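Commentary on secondary and tertiary structure
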Amino acid sequence: MTVDQSVAFDAPTRRIGDRVERVEDEALLRGLGRYGDDASIPPGTLYAAVVRSPHAHARIQSLNVEKALEIQGVHEVLTGEDVARWAAPFAVGVRQPMEHWCLAVDKVRYAGEPVCVVIADNRYLAEDGADAIEVSYEVLPVAVDPEIAAEDSAPVLHEAVGSNIVNERNFNYGDPDLAFEQAAHQVSLKVKYPRSSCTPMECYVVVAHYQSASGTYDVLSNFQGPYALHSVMARALKVPGNRLRLRTPPDSGGSFGIKQGVFPYIVMMGLASRKVGAPVKWVEDRLEHLQGASSATNRVTHIEAAVESDGRVTALRYDQMDDCGAYLRAPEPATFYRMHGNLSGAYGIRHLKVRNRVVLTNKTPTGLNRGFGGPQVYFALERLMQRIAVELDLDPLEVIRRNLIPADQFPYQAPAGALLDSGDYPGAVERAVAEGGLDELLERRNQARAEGRIYGIGYAAVVEPSISNMGYITTAMTADERRKAGPKNGAVSTATINVGPLGDVSVHISSTPQGQGHQTVVAQVVAEVLGIDFDSIRVNVELDTQKDAWSIASGNYSSRFAGAVAGTVYRAAVAIRDRIAKVAAEQLGVDVEAVRFANGKVFAPERDPIAFHRVVGAAHWAPGTLPEHEGGALRETAFWTPPELTAPSEDDRVNSSLCYGFIFDYCGVEIDPVTGECRLDRYVTMHDAGRLLNPALVDGQVRGAFAQGLGAALMEEFAYGRDGSFLSGTLADYLIPTAPEVVEPVILHMETPSPFTPLGAKGAGEGNNMSTPVCIANAVADALGHADIQLPLTPSKVRGLIGIEEPPAPEHLKREVEAPSIEGGSALHASDSVEVPASPQEIFDSLLDPAVLAAIIPGCHQLVLDGENRYRADVTVGVGLIKARFQALVQLSDLEPPNALCLSGSGSSPMGSAEGRAQIRLTPIEEGRTRLDYQYDAAVGGKIASVGARMLQGASRVIIGQIFSRLSQQMQGETAPTGTWSRFKLWLRRLLGKGGAA
């Protein structure tokens, strides 16, 4: 298809390509945005709270909801039994007997998996009801590391499958074995790409209403697409598609891919509404979002290159293992196969051998994350290119240059099937080198190293795909399986334009933007084609599947807007323009080819111009005057799918995307030799995204993707304990970059229009999340001379790479008491001492007194003797935003009166589990006092562990410290303070020297 640019270049009203300010921003900056939580709700709406599993792998033995239902204002509880009766498991992208329900039915397979939903008059009561739910679990062994999970001896998550490897495919393109046999060198590398998330400001929102009269589920949610998942949800609800009405709010507080993952909750809340007989609203909180929403797929890759002596790569071998979490949740295994067609990246490598394995582990299911698939592929490929340079003693930039696809070979067919549409990769590199100041950066590195500082330069060259082929995921199936299932391909985009009786223009698109500025660009396109004022156009981005034009490809993902959606808007605008031109030709008395549109008027040579609203008004006010075959009602809906997006071939080649932009990055990084902190000296990023429709918005997308890529490189990682407990559940432990950490990148552009899209545009929203992590990693590798670079490059990790040894601890901080270690999700260790105004014997005897023990344990409601020095306790513990009531076992052991003993405890609650031991030693000191030294080890799991190690460590210090502070008060005859005012008075008395324990 050729690009029609006649209107764009000839019309005086030029808008496409201008740096137009976003029309969306005024409402957002004034606090007038309309997000999911702002939407009006039907009368009688109730509120939901989700009860989640504290265990990573367990069988549900019993679920007791009676106490929750006794709370006034709690109406119902949706359980797995209800779900199994009314719904079906979600469709799976590979042919395996896995069952993934919106609620756990028999087993839980990750910490945070929904177990039931409490529905109440308000969220507070729903949370109270959730606390009252009693679940009995049989805890099972876990598989957390994907390489271990892939072994035959690993605990199996889905017994019906019989293995944690749920999909394996092998591919050969060209003759890779011969290329390796003939190669002068072979360079290999093993890399691990970690999990990270998107962390939008707004979390998931669902308002669901089951309309029993028609059997329809009416749902408002900040779902982003792809709308192929509408069919997945409808099938799970056991209704035809026209009985699942899905609506989106006008605004979204960001997504970056993760709001694809709201779809199980859409089904869940629809069923909750059905159970309670009323509309149900659920708003996800941050703890839930981090623990249970979704994440990027972590990947283990063994990659090898066959290399000539000059650094030219002739073949690649990939052995890739994707950890998709506990369930293969749609659209996975998209992370593998979105990039499959262009695994050779920006390079002219003709031979490929690929092994792909999808592995399940006891972690949150994965899904879309900005650039999905790209960060994983390019971290392996570009790290390998850097290693080739090191092992062959070549300049890494020269290795990149020698392998780039030449400009005269576009469109270029990659060996795995990608049809790279346009580009000049060598030219983009040379422009970036010159305009970004690489020579200066190299001189900085030389100077820094001469001064003994640690400094490195990294490079990355990546191809950014956009406009996904809806059939690429079927590459996970064999050719025989695809034939049986039927072909899948294409990517239909839709746009509707309506011209009103007063000349006003309204546009609807089914792209569900998440903050990118779609309304602005659409208005630019329409304004230019129709020659009208930009401000006179209104763009509606809300989507209602019951009323609007949409397709399974609709939504906001894979950078499809500029090339596909804006291009379809252009086609609809041209269709409207051509109809108006026929009307104007009648009024002007000229041939239709002579009609032009500009500055709000319609004109022709040697004719007086007519106002736009007068011409279009005839279609509404005087349809009898219209030309033959013009029916009036100026409304056009355009549908467009590119013919280049074909189904995977018999030999597994697939053009997985329509467009392929090019990015070349380089950066300088200096490392603090003491702290290990990586400081970006300069970051240069060159982009070729085809024709730029609004360069200012493209720059905004580049900055956003760069910030996210920076976080992935230096800070962000979803961490799990050995028992599968999630350890990154707050923003204290899951660090994301803020303004001070994000340097301003040097952004450069060149434009090689795509021949495959209506406007020549390509996507540009994801690239730096693919290129930035590996570019920074390559700079650190260059600085330190290390091959094994693992993200995120936190200061502590970099210090380990530098090889700095920790100095010995001061004598007074060395452990005097050794406590046995405890295994668990989040391990906590500390020691301290306190002086008590009593003898060791008095203290020892007091600790054996149940009344004293009950008084000194914080949050203890009841302590009941259950054996010799063994007690059952009812204890409430709060950590951060989470408060849990534990049924605990407390025991005193290893008694060495009056010198030492061990105080241990363990317990469980709906919020998680905890276990701890404190070894206590009593040493007499002057004036009849005693120094009490204690060393404790503890481990917590479940939702409590998700608050993260920093908060847990601080909270555990406070709680353990309170025990021995209260003991000191007991020995003085004081009552431990319980209220805030009492604690403040005690603190004040101590501060003023009026008594109290030391």
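Everything here concerns the structure above.
Let me begin by describing the structure that accompanies this report. Quantities reported herein were computed from a predicted structural model and do not represent experimental measurements. Every chain is numbered independently, its residues counted from 1 as its sequence is written. With pLDDT at 70 or above as the cut-off, local features in this predicted model cover only qualifying residues; side-chain atom pairs require 80 or more to be listed or tallied, and sums for whole chains, interfaces and linings still use all residues. Side-chain measures were taken over the full set of non-hydrogen atoms in the model, leaving aside hydrogen atoms and water.

The next thing to look at is the overall build of the protein chain. Working definition: helices are DSSP H or I runs of at least four residues, strands are E runs of at least two. Numbering for both runs from the N terminus. Helix and strand counts for the protein chain come out as 26 helices and 35 strands. Relative to the globule expectation of 30 Å for 998 residues, the C-alpha radius of gyration of the protein chain, 32 Å, shows essentially globular dimensions. For the protein chain, buried positions account for 59% of its 998 residues. Values of accessible area rely on a 1.4 Å probe in the Shrake-Rupley scheme; residue burial ignores everything except the protein chains shown. Looking at the protein chain as shown, the accessible area adds up to about 38,000 Å², and 50% of this sits on carbon and sulfur atoms. Radius of gyration means the value over C-alpha atoms here, while the globule rule gives 2.2 Å times the residue count to the 0.38 power. Throughout, exposure labels follow a simple rule: accessible area from a 1.4 Å probe, protein chains only, divided by the maximum for the residue type, with under 20% read as buried, over 50% as exposed, and the rest as partly exposed.

Take the nonpolar core next. Side-chain atoms within 4.5 Å link the members of a nonpolar core, which is a set of buried Ala, Val, Leu, Ile, Met, Phe, Trp, Tyr and Cys residues. Counting residues in hydrophobic clusters, the biggest one holds 130 residues, and the most contacted among them are Ile388 and Phe664. Note on contacts: a residue pair is in contact if any heavy atoms of the two residues lie within 4.5 Å. Setting aside chain neighbours within four positions, we find Ile388 in contact with Val187, Ala305, Val307, Gly311, Val313 and Val399. Core analysis: the next-biggest nonpolar cluster, separate from the first, contains 55 residues, Val499, Phe561, Ala572 and Val602 among them.

Below, the discussion takes up the environment of Asp310. Examined against the element boundaries, Asp310 turns out to sit in the loop between β13 (298-307) and β14 (313-323). Among the residues examined, Asp310 registers a relative accessible area of 28% and is labelled partly exposed. Sequence separation of Asp310 and Ala604 is 294 residues, and the distance between their C-alpha atoms is 63 Å. Setting aside residues up to four positions removed in sequence, Asp310 forms contacts with Leu394 and Arg402. Polar contacts, as counted here, are pairs of nitrogen or oxygen atoms within 3.5 Å of one another; within protein the pair requires one atom able to donate a hydrogen and one able to accept it, and residues that are adjacent in sequence qualify only if both atoms are side-chain atoms. At 2.8 Å, the side chain of Asp310 and the side chain of Arg312 are in polar contact.

The criterion for an aromatic pair is that two Phe, Tyr or Trp rings (for Trp, the six-membered ring) have centres within 6.5 Å, with stacked assigned to planes under 30 degrees apart, edge-to-face to planes over 60 apart and tilted to the rest. Taken as a whole and assessed by the stated rule, the structure comprises 21 aromatic pairs. Taking the centre distance of 4.5 Å and the plane angle of 15 degrees together, the rings of Tyr265 and Trp282 count as stacked. On the criterion of sequence distance, the pair formed by Tyr265 in helix α9 (residues 263-276) and Trp282 in strand β12 (residues 280-283) is long-range, its members being 17 residues apart. Between Phe718 and Tyr734, the ring centres sit 5.1 Å apart and the planes meet at 70 degrees, which makes this aromatic pair edge-to-face. Of this pair, Phe718 sits in the loop between α20 (695-714) and β28 (746-750) while Tyr734 sits in the loop between α20 and β28, and the two are 16 residues apart along the sequence. Both residues of the pair, Phe718 and Tyr734, belong to the buried class. Site record: aromatic cluster; members linked through ring pairs are Phe171, Tyr173, Phe336 and Tyr337. Throughout this description, the term charge over a ring refers to an Arg CZ or Lys NZ atom that lies within 6 Å of the ring centre and within 35 degrees of the ring normal. One residue, Arg85, lies across the ring of Trp86, its end atom 4.8 Å from the ring centre. Positioned above the aromatic ring of Phe180, the side-chain terminus of Arg317 is 3.8 Å from the ring centre.

In this section: the pattern of salt bridges. Salt bridges, as used here, are contacts in which a Lys or Arg side-chain nitrogen is within 4 Å of a carboxyl oxygen on Asp or Glu. In this structure the tally under the stated criterion is 61 salt bridges. Close ionic contact of Glu670 with Arg679 constitutes a salt bridge, the shortest N to O distance being 3.0 Å. Using a relative accessible area of 41% as the deciding quantity, one classes Arg679 as partly exposed. Across the pair Asp866 and Arg870 runs a salt bridge, and its minimum N-O distance is 3.3 Å. Asp866 sits in the partly exposed class, given a relative accessible area of 35%. Each of the salt bridges in this network shares a partner with another, and the network as a whole consists of Glu440, Arg444, Glu451, Arg453, Glu670, Arg679, Asp681 and Arg682.

Right, let's get into helix α17 (residues 518-530). A helix is expected to reach a length of 1.5 Å times the quantity of its residues less one. Taking 1.5 Å of rise per residue, the 13 residues of α17 would be expected to cover 18 Å, and the 18 Å separating its terminal C-alpha atoms lies within 8% of that figure. Burial of α17 is extensive: 13 of the 13 residues sit out of reach of the surface. Phi turns positive, to about 65 degrees, at Gly531, one or two residues after α17.

On to the packing of helix α12 (residues 374-391) against helix α21 (residues 767-784). Lines fitted to C-alpha atoms define the axes here, with helix axes fitted over just the stretch in contact, and angles between the N-to-C directions of these axes take values from 0 to 180 degrees. Contact geometry for α12 and α21: axes closest at 8 Å, N-to-C directions at 30 degrees. Comparing the axis directions of α12 and α21 gives the class roughly parallel. In this structure, α12 meets α21 at a crossing whose hand is right-handed. For the pair α12 and α21, the contacting residues are Gly374, Pro375, Tyr378, Phe379, Glu382, Arg383 and Gln386 in the first and Asn769, Met770, Pro773, Val774, Ala777, Asn778, Ala781 and Asp782 in the second. Residues that form the contact of α12 with α21 fall into these classes: 8 nonpolar, 4 polar and 3 charged. Oblique is the label for every angle not falling under 35 degrees (roughly parallel), over 145 degrees (roughly antiparallel), or within 65 to 115 degrees (roughly perpendicular). Left-handed describes a crossing in which the near helix is turned anticlockwise from the far one by less than a right angle; the clockwise case is right-handed. Gly falls in the polar group here, along with every residue not listed as nonpolar (Ala, Val, Leu, Ile, Met, Phe, Trp, Tyr, Cys, Pro) or charged (Asp, Glu, Lys, Arg).

What follows covers unusual backbone geometry. Put simply, Gly225 and Pro226 share a cis peptide bond, and its omega is 5 degrees. With respect to the helices, strands and loops of the structure, Pro226 is situated in the loop between β10 (216-221) and α8 (228-237). For Thr199, which is not a glycine, the phi torsion comes out positive at approximately 45 degrees. Accessibility expressed as a relative area gives 16% for Thr199, which makes it buried. Positive phi values are uncommon outside glycine, yet Glu927 reaches one of about 60 degrees. Examined against the element boundaries, Glu927 turns out to sit in the loop between β34 (912-924) and β35 (930-942). What makes Glu927 exposed here is its relative accessible area of 73%.

Moving on, we come to the sheet that holds strand β9 (residues 205-211). Strand pairing in a sheet is mediated by backbone hydrogen bonds. Such pairs are either parallel or antiparallel. Strand order in the open sheet formed by 7 strands is β3-β5-β1-β12-β9-β10-β11, and the pairing between neighbours is mixed. Two strands lie at the open edges of the sheet, namely β3 (74-78) and β11 (244-247), each paired on one side alone. Neighbour to neighbour, the strand axes of the sheet diverge by 25 degrees on average, direction disregarded. Across 2 bridges, the pairing between strand β1 (residues 46-52) and β12 is parallel. Bridging across to β12, Tyr47 finds its partner in Lys281. Along the sheet, α8 makes contact with β10 and β11, crossing β11 at roughly 140 degrees. Relative to the sheet, α9 contacts β1, β3, β5 (114-120), β9, β10, β11 and β12, its axis offset from that of β9 by approximately 45 degrees. Strand pairing is defined by DSSP finding a minimum of two bridges between the two strands.

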